[in-house]
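# Working through the structure, step by step
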Amino acid sequence: MKLRAEPHARVTPAKFTLWQHTALIAAIIIAVVVVYLPVLRGDFVWDDFLLITGNPLLQNFSGLLEIWSGGRTADYFPLTNTVFWIEHHLFGVNANGYHAVDILLQIANALLVWRLLKRLNIPGAWLAGLIFGIHPVHVASVAWISELKNLLAMFFALLSVLCFLKLDDKRVRNSAITYAASLVFFGLALLSKTQVVFLPFVLLLCAWWRDKERSGNMTNANLGRDVKLGVPPSGGQSATRAVGPRKRGTPSVRTVPFFLLAIVFGLVTLWFQNRGIGEEEIVIGSLPRRFANAAMAIWWYAAHLFAPVRLMAIYPNWRFDSPRGLERLPLIALIGILAGLWHWRNRGTRGAFFAIACFVVALLPSVGLVRMAYVRSGTLVADHLQYFADVPLLALFCAGVVYAWNQRQRAAKIATATIVTLLVAAMGTYAFGRAEVYCNEETLWPDNLSKNPDAWQAHIMMAQRRFKQERYAEAAYHAGRAAELKPELADIHNQLGLAYCRLERFEEGIAEYRKALQLKEAKPSTARSAGVAKIRANLANALAITANHLSESAPTIPEEAMRRYDEAIRQYEEALEIDPQQPAIHRNLGMLLAQLGRYDEAIPHLRATLQMVPNEPAARETLDAIEASRR
């Protein structure tokens, strides 16, 4: 399939009137808005609570400075976080405003895709822009507020490519400004999400495509002129040389600063990723397995682009052991196809090579070749990771649609129009349904677990939600499944311990707290973290409650109860050594010491509680009782 018909069969591009052009723009806008109507009444989901509603950096101006310094951020996309900062001050915790901004950006990106493909003289550019705007795979990037980084990075990346391509336009008066704009837009894209480090390679491919396209057009024009003048194509001067002098290597030189920016931001991202991952074990396999998985992921993304079925937030786990014989075939097939298309590039496969090469290059940063945090879920693929890569394959498909439409047979035209209309309608309908799924966590995670019951992240998110709803039995079930699937994560055991204790299954809860502490303290980077303080406090609470139960009917405190009281006091004290500004821990420790008659030790903790939370009722009542007994 060709992105463009050969010169002798080329169809002159249609000239649209102003109202027709306006109608085409309006069609894309209306289609995107209709598809994403459900999210306008949606809520925050998944990482939104960490990045937006619970992000202290969005609260004040000092947080904005920290966003750019990167001191407390898990990853470095400061421009995206700056937009979140602005949105937080505009919309607060009302998700509707955030969703509206995302929809506007998706509309802009769809229109820019149309504009870019049109500038590359690729047939079907408008159809490609429309499909890009409403494709079901892209719902994750639009309906999930956290993926604003995808939308922003794509917006600036498309502007960068458009400016870069303008450099060869004779009508551009100041090429230096245009070039600088392209470079600045690329920098903004990197500051939004560094997955766009692939863009310099795409710029080279676009320049190669434009250069060959221009050369082919001029060669055929000169050949036609020579025939009219009676000059044989092989006589005198060759047709190729008749094109005239051509600058060589210019696009390669132009992309050098782009490559330098990509390298710098790529290294920065790797540093942030390694810092965020810390000592957490993320398995990506041996080098042969990485290449095998990368090829399979590329095929997987292509399949989901053309057959978007059973989409979900978290896909099943991948294999990371040594690759088997058959698992090497996707890599061999991919290399073979690219080599074949390149070999026959002058015989009609140049467009297909251009599209597939851009698709592969755009996916390389996110197919598991290096250790990244997104692999911690156990899968290499996610809908939002292919957002940037889909444009070239959509262009290839739409060019094929135009080629079929331009056939002379009326039946072919009718069949093409019918099939494309049904496909677009089906995609829009499915995208609308996916947008409804992303409305809130009550729709997102049950949908995911119905398709992938072993998604541990979905289970832990459901556990946390059910715990907040005081549906503790369900919370314990989901946390238990998460602990089975991901036993090395301490926070899962802590959540399971909380659920057990709410169900008054204290011994099981204490056991889970101890597992969580063991896992945290096994790693130096987490042994003294705030998370450890919380787990110690939870363990101390459970020990104190069970000690109270043992002492209820006994005339004196039993030995086992006393042992648990002593351990609870020790856990509280160790928690306060790590995080001394926790009023709840001071309060609980003070009340426990007062209960045991150790008033002199209790008073400082009760006063510390009241200093941080004035008139905290339990601490105030206990302290007043102690002071009254001493009068």
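For the structure itself, consult the block above.
Thresholds, definitions, all that
Residues numbered from 1 in each chain as written. Predicted model: local features only at pLDDT ≥ 70, side-chain atom pairs only at ≥ 80, totals over all residues. Heavy atoms only, no water. Salt bridge = Lys/Arg side-chain N within 4 Å of Asp/Glu carboxyl O. Helix = DSSP H or I, 4+ residues; strand = E, 2+ residues; numbered from the N terminus. Buried < 20%, exposed > 50% of the residue type's maximum accessible area, 1.4 Å probe, protein only. Polar contact = N/O pair within 3.5 Å; in protein donor to acceptor, adjacent residues only side chain to side chain. Contact = heavy atoms within 4.5 Å. Core = buried A, V, L, I, M, F, W, Y, C linked by side-chain atoms within 4.5 Å. Phe/Tyr/Trp six-rings, centres within 6.5 Å; stacked < 30°, edge-to-face > 60°.

Turning our attention to the pattern of salt bridges. Oppositely charged side chains can pair when the atoms bearing their charge come close. Taken as a whole, this structure holds 30 salt bridges when the rule is applied. Among the ionic pairs, Glu567 bridges to Arg514, the shortest N-O distance being 2.7 Å. One end of the pair, Glu567, is in helix α24 (residues 559-578); the other, Arg514, is in helix α22 (residues 506-521), with 53 residues separating them in the sequence. The network of salt bridges with shared partners includes Glu507, Arg514, Glu560, Arg563, Arg564 and Glu567.

The next subject is the side chain of Asn448. On the secondary structure map, Asn448 appears in helix α18 (residues 441-451). In this structure Asn448 comes out as buried when scored by relative accessible area, which is 0%. Looking at Asn448, its side chain comes within polar contact range of the main-chain nitrogen of Ala313, at 3.3 Å. Not counting chain neighbours up to four residues away, the residues in contact with Asn448 comprise Met312, Ala313, Ile314 and Ala455.

Further remarks concern the nonpolar core. The biggest cluster of nonpolar side chains holds 193 residues, and the ones touching the most others in it are Tyr36, Val196, Tyr301, Phe354 and Trp445. For this core, the leading source of residues is helix α8 (residues 148-166), giving 13 residues. For Tyr36, the residues in contact, after removing those within four places along its chain, are Ile103, Gln106, Gly133, His135, His138, Val139, Val142 and Ala435.

Let's shift gears to the packing of aromatic side chains. Inspection of the entire model under this criterion finds 23 aromatic pairs. Aromatic side chains Phe156 and Phe185 sit 6.3 Å apart centroid to centroid with 20 degrees between the ring planes, which places their arrangement in the stacked category. Of this pair, Phe156 sits in helix α8 while Phe185 sits in helix α9 (residues 175-192); the two residues are 29 residues apart in sequence, bridging distant segments of the chain. With centroids separated by 5.6 Å and ring planes inclined at 35 degrees, the aromatic side chains of Phe186 and Phe258 adopt a geometry described as tilted. Here Phe258 lies in helix α12 (residues 256-277) and Phe186 lies in helix α9, a separation of 72 residues in the sequence. Each member of the pair, Phe186 as well as Phe258, carries the same accessibility label: buried.

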